[in-house]
Amino acid sequence: MQDSSPDKFAKEYARLKEEAGQKISAMSSNNPKIFTMYHKYESLEDVEQNLEEGHFSISLSGYLLRGLFQPKMGKKLYVMLSGGGRIGEKQHQDPVYSRWSYASLLNGSLLNIEDPMYVKHPTLMTAWFYGTREHWLLEDVVALIRAVCRHLSLGIVDVVFYSSSSGGTAALSAAALIDGALAIAVNPQIRLTHWFHYPNFLETLGIDLDEKDPFHRNEISRLIRESSSRFVIVYNVESYDDAEKQ
């Protein structure tokens, strides 16, 4: 008779988790020198024509967008958008690129983009690449992604967004804007005013997300329904703030 006790399953789960972690660690990129490769681009045309491997920056609509580009043979562009902010001016001197080490695991190039809202507003805790009342920052992000696609001779159908939390929210919205992409979002905020950092957002920017917005930025479900992109949304059911509130 086979042993189906909870202890056996727990031990097997722990073994598989450790084995998977070791494999991912061995395969993942571990190239910190990539951060010493810096390029400043003057325009989207500059990106399209001269994009190179490494850390880069470009100013668009008054925001400093910082990114990390790791080219790789393959008919895909993976885009990872950053999540929550780090409080304080000093915390923003160096950019943070979530999952940049995934590059060697992917069958295509990897583009990381940091949310520039945190550089402009260091006390923000969650920003969703929002922008201002009159300007949606994600439109600049999408324009940058289109320029990278042109550089790589890829179509929008080859773009895969993968991000979590507020970066996942931005990934869903960006995919809705760009039409034809795939967005995979882990624990994204769908109901922005229900997120526990929303009072900080309201206090810092003075933008009430319950008010009518011309871009429908607080109507993620609507953006998804009206888009021809594809969406995968994953929630951790054990997280109250994510699964229950969102």
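Structure: above.
Draft legend 1. Up close: the overall build of the chain. Scanning the chain from N- to C-terminus turns up 8 helices and 8 strands. Here the C-alpha coordinates of the chain stretch approximately 65 × 40 × 40 Å along the principal axes. The buried share of the chain, reckoned over its 246 residues, is 45%. Of the roughly 12,700 Å² that the chain leaves accessible, carbon and sulfur atoms contribute 52%.

Draft legend 2. Geometry of the environment of Asp-140. For Asp-140, the position within the fold is in helix α4 (residues 137-152). Along the backbone, Asp-140 and Ser-61 are 79 residues apart, and their C-alpha atoms lie at a distance of 7.5 Å. Those residues in contact with Asp-140, other than ones at most four positions away along the chain, are Leu-60, Ser-61 and His-135. Here the side chain of Asp-140 touches Ser-61 through a polar contact of 3.0 Å, side chain to side chain.

Draft legend 3. Local environment of the pairing of strand β2 (residues 54-60). With 6 of its 7 residues buried, β2 lies for the most part within the structure. Bridge count between strand β1 (residues 38-41) and β2: 4 bridges; the pairing is parallel. Note that in β2 the partner of His-39 across the bridge is Phe-56. Remark: the β1/helix α2 (residues 44-50)/β2 crossover connection has right-handed handedness.

Draft legend 4. Representation of unusual backbone geometry within the structure. Phi angles above zero are rare outside glycine, and Trp-128 is one such case at about 60°. Phi at Asn-187 is positive, roughly 50°, even though this residue is not glycine. Topologically, Asn-187 is positioned in the loop between β7 (182-186) and α6 (198-205).

About the thresholds
- Residues numbered from 1 in each chain as written.
- Predicted model: local features only at pLDDT ≥ 70, side-chain atom pairs only at ≥ 80, totals over all residues.
- Heavy atoms only, no water.
- Helix = DSSP H or I, 4+ residues; strand = E, 2+ residues; numbered from the N terminus.
- Buried < 20%, exposed > 50% of the residue type's maximum accessible area, 1.4 Å probe, protein only.
- Areas by Shrake-Rupley, 256 points an atom, 1.4 Å probe, with all protein chains shown as cover.
- Contact = heavy atoms within 4.5 Å.
- Polar contact = N/O pair within 3.5 Å; in protein donor to acceptor, adjacent residues only side chain to side chain.
- Pairing = 2+ DSSP bridges.
- Right-handed = clockwise from strand over helix to strand, strands pointing away.

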